[in-house]
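One-letter residues, chain by chain:
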Amino acid sequence: MSPEGYRKRPSPARLRARPAPGRPAGRLQWHGCGVESQADSFKPIRGAPKVIFPTQPLPDVPSRLGTVRGRLPAALLLVLGISASLVACQLATQWETRALGHHFRGEADLQAQVIQSALGSALTSTEALTQLYQASQEVSQEEFALFMRPFLDRSRSICALGWAPRVPDQERAELEARARREGLHGFSIHDGLAGVSAPSLQRPEYVPLYRIEPRDDALPALGLDLGAEPLWRAALERARDSGRPAAAVPTALDQRAGGKPWVMIFAPHADRGSLGSTPQERRQRLAGVAVAFMRLDDLMDEAIAALRIGHLDSLLRDPARPGAAGLIHLRGSRVRPPGAPLDEAAFARSPLRQVSTLTLADRTLELTAIPAPGAYRASHWPLTLLGLGLLITAILTGLLDYRQRVATRLRKHWELFRLFMDNSPSAAWIKDADGRYLYLNATSVRRLDARLGDWRDKTDFDLWPEPYASAFLANDRAVLDSRAPQPFRETCPATGEGGARQWESVRFPFQDLEGRQYLGGVSIEVTAQRAAELALHRYRQIVENASEILLFIDPKLRYRVVSPSYAAFECTTPQALEGRLVQEVVSPAV
């Protein structure tokens, strides 16, 4: 017969009990149906108690993820992760920018050093030429070319080296005649460029180009008066008055106005000894000047070729002339995209602007370098770092979210378990494999007048007298050895009122996920039931042994106990009468 059948079957042993104080009102029912243990299974048995008890409704446990408090850890982790990723990306970008800037500044400084070295080489060449003329008053064209060749081969930025004597107006004709006798046919002092024969205007003195190496149609022609050009004349006068080399550097504005495109270095020379200590003495003793011709394009090409640097935009200007008037040379790199604008504003806008100071004779120049667009490309590793940080943040946030959801479910399950166990009329407990108590439900606390804090980690020998504790230990070992649930009838001393309490217990073993062994138990106190059974047994013995006619009939007029005398009167046995209705035995007429 199924348990459902037993549940529907009315039982005369049903009784009602009042719930404990503080417990919800309801009915506590004992039914004549139960189970008995056989190996690893249970089967229904009649006559065993089954308990139905009311419980409190499960409280609505709020989800932490649905509240601000619940979402705060995940949100905080998300904000911190994103912030840390952004900060790390920003720091990596700044570090890379500093590294690229350091690399760029190193290349810009190296370029400035190469250009300064080329300018210094041109200055050294002019000074060496003045020493040649101090050592020998007469220098032929062949001697001049032979002496200058090593200097020209050493620096490709020097277009030419020349010599120009100082010629008073009264000696002009004599110089021109001497030059023609030396083989310089058609030599005359003039003011024009190469290929132009324009006689020089009459002046108190001239500084004509008398020797030049190499001779090229693109260079100034012999006889060109270097004092005819205002920029050159100013440099000549500074060299003459100071007794030191001076430079003429044409700006872009000078070249657009028709000026000569060459950078000129003039080194003064005196025929006999020193030029003197005062400007007046130097003007009288000046015999001529050594001159070096340079092109800025060639100078920049030499620097780029020497360093193999092709991704620097360069700007050369004269700091003594503010604004656009000071622009000398503007050069874009080889990697600059075609059509990309390049002007002074681009240099002013660049955050990686590097300014170097160059010295050329008596002039100070400023060389500004900026990286060409796309020349110093930043790598993608800061963005990769950002992506990795965001990915880790997403994973950690997801794990935290999952952990919170699992914790919420566990809290709900634990709350349901606690409500079930605390509202159960059965005393429930859990021990570890060594017999130490780990859990007591509320019924155990009430019935045994105990507290979990006092019982936790204690054994039965710490809580009960030795005979009871030994019996409990024997039952525990029997269950653990059999590894199957087993029912027991147990007795424990009553607290505060003497006597003993009777319990129907079921003990069962179980393991956790890590394989640790535990022992659980559920006990129902049956002290009152056992007392009633004993009283009924005594009455039954009295009735069964009585010689008089005795019988007990329940409110439904059924025989419960009859004496042998009455059974003999009815011509039957006591067992045949028990449970039958009176009207089935006794005739209505009687």
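Residues numbered from 1 in each chain as written. Predicted model: local features only at pLDDT ≥ 70, side-chain atom pairs only at ≥ 80, totals over all residues. Heavy atoms only, no water.

When helices and strands are counted, the protein shows 18 helices and 21 strands. A total of 590 residues make up the protein; the buried ones form 39% of that total. If you take every contact in the protein between residues at least 6 apart in sequence, the share linking residues at least 24 apart comes to 55%. Accessible area for the protein stands at about 33300 Å²; split by element, carbon and sulfur atoms hold 57% of it. (Helix = DSSP H or I, 4+ residues; strand = E, 2+ residues; numbered from the N terminus. Buried < 20%, exposed > 50% of the residue type's maximum accessible area, 1.4 Å probe, protein only. Contact = heavy atoms within 4.5 Å. Areas by Shrake-Rupley, 256 points an atom, 1.4 Å probe, with all protein chains shown as cover.)

Further remarks concern the pattern of salt bridges. A full pass over the atoms with the stated rule returns 28 salt bridges. The partner of arginine 211 in a salt bridge is glutamate 182, with the nearest N and O atoms 3.1 Å apart. In this pair, arginine 211 sits in strand 7 (residues 211–213) while glutamate 182 sits in the loop between helix 4 (172–181) and strand 6 (205–206), placing the two residues 29 residues apart along the sequence. Relative accessible area serves as the criterion here: at 40%, glutamate 182 is assigned to the partly exposed category. With a shortest N-O distance of 3.3 Å, aspartate 422 and arginine 418 are connected by a salt bridge. Of the two residues, aspartate 422 and arginine 418 are both situated in helix 10 (residues 381–423); the distance of 4 residues between them amounts to about one turn of the helix. For arginine 418, a relative accessible area of 29% puts it in the partly exposed group. (Salt bridge = Lys/Arg side-chain N within 4 Å of Asp/Glu carboxyl O.)

Quick look at the packing of aromatic side chains now. Counted under the stated rule, the structure contains 14 aromatic pairs. Taking the centre distance of 6.5 Å and the plane angle of 75 degrees together, the rings of tryptophan 414 and tyrosine 439 count as edge-to-face. Note that tryptophan 414 is positioned in helix 10 and tyrosine 439 in strand 16 (residues 437–440), a separation of 25 residues in sequence. Judged by its relative accessible area of 48%, tryptophan 414 falls in the partly exposed class. We classify tyrosine 439 as buried; its relative accessible area is 12%. Here phenylalanine 417 and tyrosine 439 contribute two aromatic rings whose centre-to-centre distance is 5.8 Å and whose plane-to-plane angle is 40 degrees, an arrangement assigned as tilted. Pair noted here: phenylalanine 417 is in helix 10 and tyrosine 439 is in strand 16, with a separation of 22 residues, a long-range link. Across the ring face of tyrosine 206, the terminal group of arginine 172 is positioned such that the distance to the ring centre comes to 4.9 Å. (Phe/Tyr/Trp six-rings, centres within 6.5 Å; stacked < 30°, edge-to-face > 60°. Lys NZ or Arg CZ within 6 Å of the ring centre and 35° of its normal.)

To continue, consider the layout of surface pockets. Estimates place the volume of the second largest pocket at around 730 Å³. Among the secondary structure elements, those contributing two or more residues to the lining of the second largest pocket are strand 4 (158–165), strand 5 (167–168), helix 4, helix 7 (279–285) and strand 10 (286–294). Considering every element that reaches the lining of the second largest pocket, the biggest residue donor is helix 4, with 4 residues. In terms of residue class, the lining of the second largest pocket is made up of 10 nonpolar, 4 polar and 11 charged. (1 Å grid on protein atoms, 1.4 Å probe; cavity = no way out; pocket = protein on both sides within 12 Å on 5 of 7 lines; lining within 4 Å. Points joined across faces, edges and corners; volume = space filled by probe spheres on them. Nonpolar A, V, L, I, M, F, W, Y, C, P; charged D, E, K, R; others polar.)

Summed over the entire model, instances satisfying the criterion amount to 2 cavities of 30 Å³ or more. A volume near 200 Å³ is recorded for the largest cavity. Taken together, 18 residues make up the lining of the largest cavity; nearest its centre are Trp429, Leu448, Trp464, Phe472 and Ser523. The set of elements that each furnish at least two residues to the lining of the largest cavity consists of strand 15 (427–432), strand 16, helix 11 (442–448), strand 17 (486–493) and strand 18 (500–511).

Turning our attention to the sheet that holds strand 13 (residues 354–360). The strand order across the open sheet formed by 4 strands is 12-11-14-13, and the pairing between neighbours is antiparallel. With one partner strand each, in any of the chains shown, strand 12 (327–331) and strand 13 form the two edges of the open sheet. Each strand axis lies, on average, 20 degrees off the axis of its neighbour in the sheet, ignoring direction. Bridge count between strand 13 and strand 14 (residues 363–371): 7 bridges; the pairing is antiparallel. Each bridged residue has a counterpart across the sheet, and for leucine 360 the counterpart in strand 14 is arginine 363. (Pairing = 2+ DSSP bridges. Axes fitted to C-alpha atoms, helices over the stretch in contact; angles between N-to-C directions.)

Moving on, we get to the nonpolar core. With 36 residues, the main nonpolar core has Ile115, Leu129 and Leu358 as its most contacted residues. Residue assignment for this core shows that the elements contributing at least two residues are helix 2 (68–135), helix 3 (141–154), strand 4, strand 9 (263–270), strand 10, helix 8 (296–307), strand 13 and strand 14. Considering every element that reaches this core, the biggest residue donor is helix 2, with 10 residues. Apart from the residues within four sequence positions on either side, isoleucine 115 is in contact with Leu299, Met300, Ala303, Leu358 and Leu367. Formed by 32 residues, the second largest nonpolar core is a distinct cluster that contains Leu175, Ile212, Leu222 and Leu224. (Core = buried A, V, L, I, M, F, W, Y, C linked by side-chain atoms within 4.5 Å.)

For the protein, mean pLDDT is 78; residues scoring 70 or higher make up 80% of the total. Note on residues 1–49: pLDDT under 50 across the span, and 88 contacts to partners over four residues away in sequence or across chains. Contacts for the low-pLDDT stretch residues 58–66, under 50 throughout, to residues beyond four places or in other chains number 21 contacts. (pLDDT = per-residue confidence, 0-100.)

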